[in-house]
Amino acid sequence: MIKKLLYIFLLSITLHAAAYNLSDYEALKKTNKCEGCNLSDVDLSSLTLKNIDLTASNLSNAIFSNTNLERSKLDDVIMTSSNFYKANLRNVTLKRARLDDSNLIDSDLSNAIMINASMRNSDLENAILDSAILSNANINNSNIRMASLVKSNLTNILLRGSDISLSDFSQADITNGDLSLLIAINTNFFESTLLNAH
């Protein structure tokens, strides 16, 4: 009985470790491009992956902590429950990307284009999103404490139930944003546009 339980345990670990498609991973390493790939559960932490194209790929539960993804194309990706702790995501495109339940603590998303992206229930504490475009993004029920969103385009954003305390939204455009049930203690809205925000 013990041998059978040990076999089942080892098999489950092996299956989890090999959740991503090995040929997709090899293609990414060789060409810096892998559209529509399955890289779920892959660990790409502390790598330099500038200018990669992972359009429409599955990166759920992937680990990108301390990874440099600057100027990468990540449109239409599924990145739910992924770890981007201290990742460099400057100038990336994440249009229609799904990053729900992800860790983006201390990440740099300056100048990122995240139109129609979803980051519900995510942790963006101390993240930098200066001059990012997050129009029509859904960041409901997220931790955005001590983040910087200076000069960001947040038109039609959904921030319902999020905590943005101690964050800097100066000169941000939050026109038509949903700010209901928001926690905003000592948040900086200097020269922000809040027209029709509710």
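Here the structure is shown first, and the text comes after it.
Cut-offs used in this document
- Residues numbered from 1 in each chain as written.
- Predicted model: local features only at pLDDT ≥ 70, side-chain atom pairs only at ≥ 80, totals over all residues.
- Heavy atoms only, no water.
- Helix = DSSP H or I, 4+ residues; strand = E, 2+ residues; numbered from the N terminus.
- Rg over C-alpha atoms; globule rule 2.2 N^0.38 Å.
- Buried < 20%, exposed > 50% of the residue type's maximum accessible area, 1.4 Å probe, protein only.
- Contact = heavy atoms within 4.5 Å.
- Areas by Shrake-Rupley, 256 points an atom, 1.4 Å probe, with all protein chains shown as cover.
- Lys, Arg positive; Asp, Glu negative; His and termini not counted.
- Charge placed at Lys NZ, Arg CZ, Asp CG, Glu CD.
- Arc of directions from axis to C-beta.

Moving on, we get to the overall build of the protein. Tallying secondary structure elements over the protein gives 2 helices and 0 strands in all. Taking 2.2 N^0.38 as the reference for a compact globule, 198 residues should give roughly 16 Å; the C-alpha atoms of the protein span a radius of gyration of 18 Å, in line with that estimate. Taking the principal axes of its C-alpha atoms as reference, the protein extends roughly 65 × 40 × 25 Å. In the protein, buried positions account for 46% of the 198 residues. Intrachain contacts of the protein at a sequence separation of at least 6 include 1% that bridge at least 24 residues. Approximately 9600 Å² of the protein is accessible, and the part contributed by carbon and sulfur atoms is 52%. Of the charged side chains in the protein, 17 are positive and 21 negative, and the gap between their average positions amounts to 7 Å.

Okay, the side chain of Ser142 next. With respect to the helices, strands and loops of the structure, Ser142 is situated in the segment after α2 (22–31). Classification of Ser142 as buried rests on a relative accessible area of 4%. In contact with Ser142, other than residues within four places in its own chain, are Met119, Arg120, Asn121, Ser122, Leu124, Ser162 and Asp163.

To continue, consider α2. Turning to α2, its buried residues number three or more, namely Asp24, Tyr25 and Leu28. Within α2, the buried residues cover an arc of 100° as seen down the axis, which keeps them to one side. Opposite its buried face, α2 presents the exposed residues Leu22, Lys29, Lys30 and Thr31, each directed more than 90 degrees away. A positive backbone phi angle near 65° is found at Asn32, which sits one or two residues after α2.

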